[in-house]
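# Architecture and fold: a report
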Amino acid sequence: MVVEEKTISSDRVYTGKVISLRVDTVEIERQGYQKREIVEHGGAVGIVAITEDKEIILIKQFRKPLEKVLWEIPAGKLELGENPKECAIRELKEETGYSAGNLKLIHKFFTSPGFSNEKIYIFLATDLILGECKFDCDENIEIYKLGLEEINEMIQKNEIEDAKTLTGILLAKELI
């Protein structure tokens, strides 16, 4: 039987723009007290955008924590109280210039539940209409349209390493 942990106290260590960190003291039945470091994150969205020609829009951007450029689906952080679908509409437009005639939630998941409460909502965007990109001031993004075969090769070669991107593409392949 799985035993739940009872929170005895919670101390906020850091509050930032993207994350907050707290340390909880928990009581575990017959095991005593332990500390849990928890990264709080407001959540995010990822969008698998598919063109009329069945190409998937991917972006490349530098990710400082990894010190490298990653291939990703368009994505972004939820603003406080923001509806995930509204966030997906905003982020798709900001990062790619596209609007979706059809936007459907296909899955949601926790990214790293061992230490974080971050939840990502994955949307499938179809019936795309090209407009103008409106990058955030801190974004430096390259946009690509790639066929599923090419993306599958990239996955096999470990060229796509981002979990939300892998998850989104694998889920969308069943719906294309």
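What you see is a predicted model; the values in this text were computed from it and never measured. (Residues numbered from 1 in each chain as written. Predicted model: local features only at pLDDT ≥ 70, side-chain atom pairs only at ≥ 80, totals over all residues. Heavy atoms only, no water.)

## A few points about the pairing of strand 4 (residues 44–49)
Spelled out, the test is: Whether a residue is buried, partly exposed or exposed follows from its accessible area with a 1.4 Å probe, protein chains only, as a fraction of its type maximum: under 20%, in between, or over 50%, in that order. Put simply, DSSP H or I for four residues or longer makes a helix, DSSP E for two residues or longer makes a strand, and each gets a number counted from the N terminus. Between any two strands, at least two bridges found by DSSP are needed for them to pair.
Of all six residues making up strand 4, six are buried, and the element is well covered by its neighbours. Along strand 4, one buried face is formed by Ala44, Gly46 and Val48 and the opposite face, lined by Val45, Ile47 and Ala49, is buried too. Pairing of strand 4 with strand 9 (residues 119–130), which is carried by six bridges, proceeds in the parallel orientation. By the bridge assignment for strand 9, Gly46 is matched with Ile122.

## Some points on a nonpolar patch on the surface
What counts here: Each patch is assembled from residues with relative accessible area greater than 30% and no salt bridge, linking like charges that lie within 9 Å and nonpolar side chains (Val, Leu, Ile, Met, Phe, Trp, Tyr) that lie within 5 Å. Accessible surface is estimated by sampling points in the Shrake-Rupley manner with a 1.4 Å probe; for residues, cover comes only from the protein chains shown. Counted as salt bridges are all cases of a side-chain nitrogen of Lys or Arg within 4 Å of a carboxyl oxygen of Asp or Glu.
On the surface, a cluster of nonpolar side chains totalling about 360 Å² of accessible area is made up of Val13, Tyr14, Val18 and Ile19. Looking at the element boundaries, Ile19 is found in strand 2 (residues 19–28). The partly exposed category is assigned to Ile19, whose relative accessible area is 34%.

## What to know about the side chain of His41
Rule in force here: Definition of a polar contact: a pair of N or O atoms within 3.5 Å, with one able to donate and the other able to accept a hydrogen when the atoms are protein atoms, and with sequence-neighbouring residues admitted only if both atoms are side-chain atoms. Contacts are assigned to residue pairs with any non-hydrogen atoms lying within 4.5 Å of each other.
Mapped onto the elements, His41 comes out in strand 3 (residues 32–41). His41 gets classed as buried once you look at its relative accessible area, which sits at 15%. Reaching out from His41, the side chain makes a polar contact with the backbone nitrogen of Gly43 at a distance of 2.9 Å. Excluding anything up to four places from it in sequence, His41 contacts Val18, Ile19, Lys77, Ser116, Asn117 and Glu118.

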